Amino acid sequence: MASQREPSNIKGISMIADGINHAVPTQNELKFATNWLLQQKLVNAEAKKYHLTKTGLTMFASAQIDRNSVLSIWENLEIQLQNF
């Protein structure tokens, strides 16, 4: 969500995460999550900024279908990632 318009740094990603579940992720949580997403080729990193790959964009677009809120999109993404 943080990189919809342009690549985002860790601070931007953290702010989106805080907005979704009202809890700022720790540095370790962000590092683990971004490393996992990079390994799965769902995001790319360039100059300390992250953006979705084509696969990541497709997954995100699919998560938004028939969803009315950010929380429901997030829940759908969680399901998709568990099955990835």
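The rules we used
- Throughout this description, residue numbers start from 1 for each chain and increase along the sequence as written.
- Owing to the predicted nature of the model, reporting of local features is limited to residues with pLDDT of at least 70; listing and counting of side-chain atom pairs is limited to 80 or more, with chain, interface and lining totals taken over all residues.
- Water and hydrogen atoms play no part in the side-chain values, which are based on all heavy atoms of the structure.
- Going along the chain from the N terminus, every DSSP run of H or I of four or more residues is numbered as a helix, and every run of E of two or more is numbered as a strand.
- Only protein chains enter the area calculation, which uses a 1.4 Å probe; residues under 20% of their type maximum are buried, those over 50% are exposed, and those in between are partly exposed.
- Working rule for contacts: check all heavy atoms of both residues, and any pair within 4.5 Å makes them a contact.
- Surface exposure here means Shrake-Rupley accessible area, sampled with a 1.4 Å probe, where a residue is shielded only by the protein chains that are shown.
- Under the convention used here, Asp and Glu are negative, Lys and Arg are positive, and both His and the chain ends fall outside the count.
- Charge positions are represented by NZ for Lys, CZ for Arg, CG for Asp and CD for Glu.
- Here the nonpolar core consists of buried residues drawn from Ala, Val, Leu, Ile, Met, Phe, Trp, Tyr and Cys, with membership extended through side-chain atoms lying within 4.5 Å.
- N or O atoms within 3.5 Å of each other form a polar contact, as long as, within protein, one can give a hydrogen and the other can take it, and as long as residues adjacent in sequence are counted only when both atoms are side-chain atoms.
- To estimate the expected span of a helix, count its residues, drop one, and scale the result by 1.5 Å.
- In this description, one arc is meant: the one made by directions from the helix axis to the C-beta atoms.
- Between any two strands, pairing holds if DSSP finds at least two bridges.

**A few points about the overall build of the chain**
Then, number 1: When you go through the chain residue by residue, the secondary structure sums to 4 helices and 2 strands.
Then, number 2: Counting helices and strands in the order they occur from the N terminus, the chain gives α-α-β-β-α-α.
Then, number 3: Counting only C-alpha atoms, the chain reaches 35 × 30 × 25 Å along its principal axes.
Then, number 4: By residue count, 27% of the 84 residues in the chain fall in the buried class.
Then, number 5: In the chain, of all internal contacts separated by at least 6 residues, the share reaching a separation of at least 24 is 34%.
Then, number 6: Surface exposure of the chain reaches about 6,200 Å², of which carbon and sulfur atoms provide 53%.
Then, number 7: The chain carries 8 positive and 7 negative side-chain charges, and their two centres are separated by 10 Å.

**Focus: the nonpolar core**
Then, number 1: If you look at the biggest cluster of nonpolar residues, it comprises 6 residues: Leu42, Met59, Phe60, Ala63, Ile73 and Leu77.
Then, number 2: Mapped onto this core, the elements with two or more residues apiece are helix H3 (54-64) and helix H4 (70-82).
Then, number 3: A total of 3 residues in this core trace back to one element, the largest contributor, which is H3.

**Focus: the side chain of His51**
Then, number 1: Residue placement: His51 occurs in strand E2 (residues 49-52).
Then, number 2: Separated by 3.2 Å, the side chains of His51 and Glu46 make a polar contact.
Then, number 3: Once residues lying within four places of it in the same chain are set aside, the contact partners of His51 are Ser3, Pro7, Leu42, Val43, Asn44 and Glu46.

**What to know about H4**
Then, number 1: Across its 13 residues, H4 extends 18 Å between first and last C-alpha, which sits within 8% of the 18 Å expected from 1.5 Å per residue.
Then, number 2: Taken together, the buried positions of H4 are Ser72, Ile73, Asn76, Leu77 and Gln80. Buried residues of H4, viewed axially, fall in a sector of 140°; they line one side.
Then, number 3: Looking at the buried positions of H4, the neighbouring elements they touch are H3.

**Observations concerning the pairing of E2**
Two faces, one strand: in a regular strand the side chains alternate between the faces of the sheet.
Then, number 1: Of the strand pairs in this sheet, strand E1 (residues 43-46) and E2 are connected by 4 bridges, and their pairing is antiparallel. Counterpart to Ala45 in the pairing with E2 is Tyr50.
Then, number 2: Where E1 folds back onto E2 in an antiparallel hairpin, the turn is made up of 2 residues, including Ala47, whose phi is positive at roughly 50°.

**Considerations on the environment of Ala63**
Then, number 1: The residue Ala63 is located in helix H3 in this model.
Then, number 2: With a relative accessible area of 0%, Ala63 lands in the buried category.
Then, number 3: Distance from Ala63 to Trp36, taken between C-alpha atoms, is 19 Å for residues 27 residues apart in sequence.
Then, number 4: Residues within four places of Ala63 in sequence aside, it is in contact with Ile73, Asn76, Leu77 and Gln80.

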